[in-house]
Amino acid sequence: MNEGLTKYPAFACTYSPEIPKILNDKCCSLMISTYQAGKVVFISPNGNDKLVQLPRTFKKAMGIAYDSGKMAIACLDEVILLANSPQLAKFYPNKPNLYDALFVPRVTYHTGYLDIHDLAFSKDNIYGVNTYFSCLIKIDEHFNFTPVWKPKFITHLESEDRCHLNGMAMQYGKPKYVTAFNQGNTPRSWKENITESGVLIDVETDDVIANKLPMPHSPRIYRNKIYLLLSATGEFVEVDPLTSNYTVITKIDGFVRGLDFIDHYAFIGLSKIRKKEGAAFSHLPIAEKAVHSGIVVINLTTGQQVGVINYLESVEEIYDVKILPQIKRPNILNTISEDYKKAVMIPSTTYWGQIEQRDADLQP
């Protein structure tokens, strides 16, 4: 059979034996967002040698914020806030006594089309990267968005994706660093010199910490170090803010985007090159090797790759990657299925209710 015509089951993947063992040992699950497939996917250990997946539909799922019992997902034109209920999980009607977490929709913020990329919680707010308007925002019930910061080279807010602002690293509950593809101030100027114009910016000082970066994504502060991904070259790097230099921890054969950590492991998202972008992406340094999508796990101590998940079907592009600590078998409900309407949470207890069908003559 022609391998190119092989049809695999939805979300079929291969994985290194080390992956389930790491997740099981660290008592955690993995969550990814794939806007191309319109899904979030939970990846959980089933003992030390197997993985189980749970994909759920969220239209154009992008950035994910997670903080203990709450989660937010940036979607096509809204941000959905969810809360975890272990009690509802235990009595989930379809599969009772299987899940140890269940994320249930609580609030939907109607943002409109902002192309929100990274998303994060602070103490009282949800911060997001508003890529279309080239600024950082707060998301609440008052407006579609409230601008809180923009790069100093952006003169005013327009829905023009001028510099492709995309990544955000949090420190002490506030945005500290952001990544952008360039310092342009005209519509989609970032496409002009995509492989050597990216920047890492300090939000507090407005200073450019590092420049000439090849498509930077996913800046993160972990154990007081600054990490980010250089998508155009497939590099996972550590940035020194004092010298503006970066050190390559490892180079990966693929388009890297989406980063999270647990213990001494870094989990990195891997995407295929977007053919629809044409020449802008087909000439990237990593283009010939960016033929797989999945997750790569790196040992921070040695810089060595210790495991990989490789998708064979359904997932071609990954945006965000999140570790869910102390959760080994999570579930999540969206607002598309009727199930979320049956899940009732009050301060003292939870209920799985019923949806009654009203008689036709009682319908308004």
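Residue numbers here run from 1 along each chain, matching the order of that chain's written sequence. The predicted nature of this model means local features are confined to residues of pLDDT at least 70 and side-chain atom pairs, given and counted, to a pLDDT of 80 or more, with totals for whole chains, interfaces and linings taken over all residues. Think of the side-chain values as coming from all heavy atoms in the structure, minus any hydrogens and water.

Chemist: Can you walk me through the overall build of the protein in this structure?
Modeler: Secondary structure assignment for the protein yields four helices and 28 strands. When we talk radius of gyration, it's over C-alpha atoms, and the globule rule is simply 2.2 Å times the number of residues to the 0.38. For the protein, whose C-alpha radius of gyration is 21 Å, the value lies close to the compact-globule estimate of 21 Å for 364 residues. Considered along the principal axes of its C-alpha atoms, the protein spans approximately 65 × 50 × 40 Å. Calculation of accessible area relied on Shrake-Rupley with a 1.4 Å probe; when residues are assessed, cover is drawn exclusively from the protein chains displayed. Here the protein has roughly 16,900 Å² of accessible surface; of this, 48% comes from carbon and sulfur atoms. Positive and negative side-chain charges in the protein, numbering 38 and 39 respectively, have mean positions lying 3 Å apart. Secondary structure elements follow DSSP: runs of H or I no shorter than four residues count as helices, runs of E no shorter than two count as strands, and numbering proceeds from the N terminus. Only four residue types enter the charge count, namely Lys and Arg as positive and Asp and Glu as negative; His and the chain termini do not. Charge positions are represented by NZ for Lys, CZ for Arg, CG for Asp and CD for Glu.

Chemist: Looking at this structure, how should I read the pattern of salt bridges?
Modeler: As a working rule, side chains carrying opposite charge can pair if their charged atoms are close by. By convention in these notes, a salt bridge is any Lys or Arg side-chain nitrogen within 4 Å of a carboxyl oxygen on Asp or Glu. Per the stated rule, a full pass over the model turns up 14 salt bridges. The salt bridge partner of Glu-313 is Lys-7, with a shortest N-O separation of 3.4 Å. Taken together, the positions of Glu-313 in the loop between β24 (305–311) and β25 (321–325) and Lys-7 in the segment before β1 (13–15) put the pair 306 residues apart, joining distant regions of the chain. The network of salt bridges with shared partners includes Asp-118, Arg-220, Asp-320 and Lys-322.

Chemist: Just checking my understanding: could you explain the packing of aromatic side chains for this structure?
Modeler: Geometry of aromatic contacts follows a simple scheme: Phe, Tyr and Trp rings, the Trp one being its six-membered ring, pair when their centres are within 6.5 Å, and the pair is stacked under 30 degrees between planes, edge-to-face over 60, tilted otherwise. This model, assessed by the stated rule, comprises nine aromatic pairs. Counting every residue linked through ring pairs, the aromatic cluster contains Tyr-222, Tyr-227, Phe-236 and Phe-261.

Chemist: Could you clarify how one ought to interpret a nonpolar patch on the surface in this entry?
Modeler: Each patch groups residues whose relative accessible area exceeds 30% and which form no salt bridge, using 9 Å between like charges and 5 Å between nonpolar side chains of Val, Leu, Ile, Met, Phe, Trp and Tyr. Taken together, the side chains of Val-344, Ile-346 and Tyr-351 present a nonpolar region at the surface, about 250 Å² in accessible area. Note on placement: Ile-346 falls in strand β27 (residues 343–346). Taking the relative accessible area as the measure of exposure, Ile-346 reaches 39% and is therefore partly exposed. Each residue gets one of three labels from its accessible area relative to the maximum for its type: buried under 20%, exposed over 50%, partly exposed in between, using a 1.4 Å probe on protein chains only.

Chemist: I would appreciate a short explanation of the environment of Ser-134 in the present structure.
Modeler: Inspection of the secondary structure assignment puts Ser-134 in the loop between β10 (126–130) and β11 (135–139). Residues Ser-134 and Trp-149 lie 15 residues apart in sequence; the distance between their C-alpha atoms is 9.2 Å. By the convention used here, residues are in contact when the closest approach between their heavy atoms is within 4.5 Å. Residues contacting Ser-134, with those up to four places away along its chain left out, are Lys-150, Pro-151, Ile-154, Asp-161, Arg-162, Cys-163 and Leu-165. A distance of 3.3 Å separates a polar atom in the side chain of Ser-134 from the backbone nitrogen of Arg-162. In the analysis that follows, any N or O atom pair within 3.5 Å is treated as a polar contact, provided that within protein one partner can donate a hydrogen and the other can accept it, and provided that, for residues neighboring in sequence, both atoms belong to side chains.

Chemist: Can you help me understand the sheet that holds strand β5 (residues 64–67) in this one?
Modeler: Within a sheet, adjacent strands bond to each other through the backbone by hydrogen bonds, running parallel or antiparallel. Any two strands are treated as partners once DSSP identifies two or more bridges connecting them. Pairing is mixed across the open sheet formed by five strands, whose spatial order is β5-β6-β7-β8-β26. Strands at the two margins of the open sheet, each flanked by one partner only, are β5 and β26 (330–332). The average angle at which neighbouring strand axes cross in this sheet is 20°, direction not considered. Bridge analysis of strand β8 (residues 101–110) against β26 gives three bridges, and the strand direction is parallel. From the neighbouring strand, Ala-101 faces β26, where its bridge partner is Pro-330. Axes, fitted as lines to C-alpha atoms, cover a helix only where it is in contact. Angles between the N-to-C directions of the axes lie from 0 to 180 degrees.

Chemist: Whenever I open this one, the pairing of strand β21 (residues 255–262) confuses me. Can you help?
Modeler: It is a general feature of regular strands that their side chains alternate between the two faces of the sheet. The element β21 is largely enclosed, with a buried count of eight among its eight residues. Bridge analysis of β21 against strand β22 (residues 265–271) gives six bridges, and the strand direction is antiparallel. When the bridges of β22 are listed, Phe-261 appears paired with Ala-266. What sits between β21 and β22 in their antiparallel hairpin is a turn of two residues, with Asp-263 showing a positive phi close to 55°.

Chemist: Help me understand the environment of Thr-57 in this model?
Modeler: Considering the arrangement of structural elements, one finds Thr-57 in strand β4 (residues 50–57). Assessed through its relative accessible area of 29%, Thr-57 is described here as partly exposed. Counting along the chain gives 279 residues from Thr-57 to Ile-336, while the straight-line C-alpha distance between them is 7.9 Å. When sequence neighbours within four positions are dropped, the list of residues in contact with Thr-57 reads Gly-38, Lys-39, Asn-334 and Ile-336.

Chemist: Mind showing me how you'd approach the nonpolar core here?
Modeler: Looking at soluble globular proteins, one finds that nonpolar side chains tend to be buried together. Joining through side-chain atoms within 4.5 Å is the link that ties buried Ala, Val, Leu, Ile, Met, Phe, Trp, Tyr and Cys residues into a set, and such a set is a nonpolar core. Residues Met-31, Phe-58, Met-71, Ile-73, Phe-103 and Ile-332 are the most contacted members of the largest nonpolar core, which totals 26 residues. When residues of this core are traced back to their parent elements, those giving at least two are β3 (39–46), β5, β6 (70–74), β7 (78–84), α2 (86–90) and β8. In terms of residue count, β8 provides more of this core than any other element does, four residues in total. Setting aside residues no more than four positions away along its own chain, Phe-103 makes contact with Phe-42, Tyr-66, Gly-69, Met-71, Leu-82, Ala-83, Asn-84, Ile-327, Pro-330, Asn-331, Ile-332 and Leu-333. Counting 21 residues, the second largest nonpolar core, distinct from the first, contains Ile-22, Ile-43, Tyr-265 and Val-297.

Chemist: Teacher, can you tell me more about the sheet that holds strand β9 (residues 116–121) here?
Modeler: With antiparallel pairing, the four strands of this open sheet are ordered in space as β9-β10-β11-β12. Each having just a single partner strand, β9 and β12 (146–149) make up the two edges of the open sheet. Adjacent strand axes in the sheet meet at a mean angle of 35° when their direction is disregarded. Bridging between β10 and β11 involves five bridges; their strand directions are antiparallel. Following the sheet pairing, Tyr-127 is matched in β11 by Lys-138.

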